[in-house]
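# Reading the structure
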Amino acid sequence: MTHYEGANQMNRMKGGFRRAILIHIEENRSIYVFSIVLLMMGVIFGAVIVNNLTAGQKNDLFTYLSQFFGQVEKGELASSEEAFTQTFAHYSKYLGLMWFLGLSVIGLPIILILLFLKGLVIGFTVGFLVSQMGFDGFILAFAAIFPQNLILVPVFIITATVSISFSLKICRQIIRKGYEPIFQHFTAYSLFLLFTGAVVTLMSVYEAYVSPVLLKSVVQWLL
């Protein structure tokens, strides 16, 4: 195969992959919109919960947070290797559970709950930092939460959408036997798990090796 033929084949593969993505988005547009709205509702609900905490609960949480920032400033956090293992295990279990639940129709509501909870945690964390520390809290939230979630939030939305879509395909297969080749969809669904695994690995590396350094610099600058 010549260099020219190889380049043409590569371009055709890229074109086919791009078309597949566009078709997927078009077919699942309503699910994507619903998933985004649901996650945003979780973020808003998390921020609302912060406002409903009692003064004692806020003080307890802020005391714990202050201790954590003290450990960050002194560099007393867990080792990078341990942090990577914990972060990778957490994200893998969360996204893997979404994927697994997509294999059954009854798992569909739980996928939605997991997506909502992801938004709730983000909203609560950011809301609490801002409510207790004002603009400094916003800077800390931006440094500690925003970079990885810029990638992770879309991945959670995509995973939820793909899982819901596959679950609905199974449902249609049960209702109308032979309606569509489910094995072909299962193969693509399984390959998608590899994609999420690669993203989780990269984000775990970031949170274990990069995020602590960035957070320490911000904490020392603010405190």
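Read on for a plain summary of the structure.

Scoring rules and cut-offs
- All residue numbers here refer to positions counted from 1 along the written sequence of the relevant chain.
- Residues qualify for local features only when their pLDDT is at least 70, as the model is predicted, and side-chain atom pairs are given and counted only at 80 or more; totals for whole chains, interfaces and linings, by contrast, use all residues.
- Neither water nor hydrogens contribute to the side-chain values; these are computed over all heavy atoms in the structure.
- In the cavity and pocket records, a cavity denotes points on a 1 Å grid over the protein atoms alone where a 1.4 Å probe fits but cannot get out, a pocket denotes an open set with protein on both sides within 12 Å along at least 5 of 7 lines, and lining residues are residues with an atom within 4 Å of a point.
- Grid points are joined across faces, edges and corners, and a volume is the space filled by probe spheres set on the points.
- Every helix listed is a DSSP run of H or I at least four residues long, and every strand listed is a run of E at least two residues long, numbered separately from the N terminus.
- Ten residues, namely Ala, Val, Leu, Ile, Met, Phe, Trp, Tyr, Cys and Pro, are considered nonpolar, four, namely Asp, Glu, Lys and Arg, are considered charged, and the remaining ones, Gly among them, are considered polar.
- Simply put, an axis is a line fit to the C-alpha atoms, just over the touching stretch for a helix, and the angle between two N-to-C directions goes from 0 to 180 degrees.
- Each angle is binned into one of four classes, with values under 35 degrees roughly parallel, values over 145 roughly antiparallel, values of 65 to 115 roughly perpendicular, and all other values oblique.
- What makes a crossing left-handed is the near helix being turned counterclockwise from the far one by less than a right angle; a clockwise turn instead makes it right-handed.
- Any two residues whose heavy atoms approach within 4.5 Å are treated as being in contact.
- The salt bridge criterion pairs a side-chain nitrogen of Lys or Arg with a carboxyl oxygen of Asp or Glu, the two atoms within 4 Å.
- Note on classification: 1.4 Å probe, protein chains only; a residue is buried when its accessible area is under 20% of the maximum for its type, exposed when over 50%, partly exposed between these limits.
- When charges are counted, neither His nor the chain ends are considered; positive counts come from Lys and Arg and negative counts from Asp and Glu.
- Here a polar contact is taken to be a pair of N or O atoms separated by no more than 3.5 Å, where protein atoms must pair a possible hydrogen donor with a possible acceptor and residues adjacent in sequence count only if both atoms sit in side chains.
- Pairs were defined over the aromatic rings of Phe, Tyr and Trp, the Trp ring being its six-membered one, requiring ring centres within 6.5 Å. Orientation was assigned from the angle between planes: stacked under 30 degrees, edge-to-face over 60, tilted for the rest.

As a further point, take the layout of surface pockets. The probe, sized like a water molecule, is rolled over the atoms to show the empty space still left. Looking at the second largest pocket, its volume works out to about 790 Å³. A20, I21, H24, V162 and A188 are, among the 21 residues lining the second largest pocket, the residues nearest its centre. At the level of elements, α1 (3-27), α7 (146-175) and α8 (182-222) are the ones that each hand at least two residues to the lining of the second largest pocket. The class makeup of the residues in the lining of the second largest pocket is 14 nonpolar, 5 polar and 2 charged.

Between helix α4 (residues 80-101) and helix α5 (residues 108-133), whose axes approach to 8 Å, the crossing angle comes to 150°. Comparing the axis directions of α4 and α5 gives the class roughly antiparallel. Seen along the crossing, α4 lies across α5 with a hand that is left-handed. Counted together, Y91, Y94, L97, M98 and L101 of α4 and L108, I110, I111, L114, L115, L117 and K118 of α5 form the full contact between these two elements. Partitioning the contact of α4 with α5 into residue classes produces 11 nonpolar, no polar and 1 charged.

Let us now look at the packing of helix α2 (residues 29-51) against α5. Orientation of α2 relative to α5, taken along the N-to-C sense of each, is 40°, at an axis distance of 6 Å. With respect to their mutual orientation, α2 and α5 come out oblique. Crossing hand, α2 versus α5: right-handed. Counted together, F34, S35, L38, L39, M41, G42, V43, F45, G46, A47, I49 and V50 of α2 and L112, L115, F116, K118, G119, L120, G123, F124, G127, F128 and S131 of α5 form the full contact between these two elements.

Right, let's talk about the pattern of salt bridges for a bit. Evaluation of the coordinates by the stated rule reveals 1 salt bridge. Between R29 and E26 there is a salt bridge, with the nearest N and O atoms lying 2.4 Å from each other. Residue R29 is classed as partly exposed on the basis of its relative accessible area, which comes to 48%. Overall, E26 belongs to the partly exposed group, its relative accessible area being 47%.

Along the chain, K118 falls in helix α5. There is no salt bridge for the buried K118, and the closest opposite charge comes from E207, which lies 6.8 Å off by N-O distance. Only 3.3 Å separates the side chain of K118 from the side chain of N149, close enough to count as a polar contact. With sequence-adjacent residues up to four places away left out, K118 is seen in contact with L39, Y91, Y94, N149 and F156.

All right, on to the environment of F84 then. Mapped onto the elements, F84 comes out in helix α4. Residues F84 and L202, 118 residues apart in the sequence, show an inter-C-alpha distance of 9.9 Å. The residues contacting F84, other than those within four sequence positions of it, are T201, S204, V205, A208 and Y209.

What follows deals with the packing of aromatic side chains. The full count for this structure, using the stated rule, is 10 aromatic pairs. Aromatic side chains F45 and F116 sit 5.9 Å apart centroid to centroid with 45° between the ring planes, which places their arrangement in the tilted category. Placement of the pair is F45 in helix α2 and F116 in helix α5, with a sequence separation of 71 residues. Judged by its relative accessible area of 43%, F45 is partly exposed.

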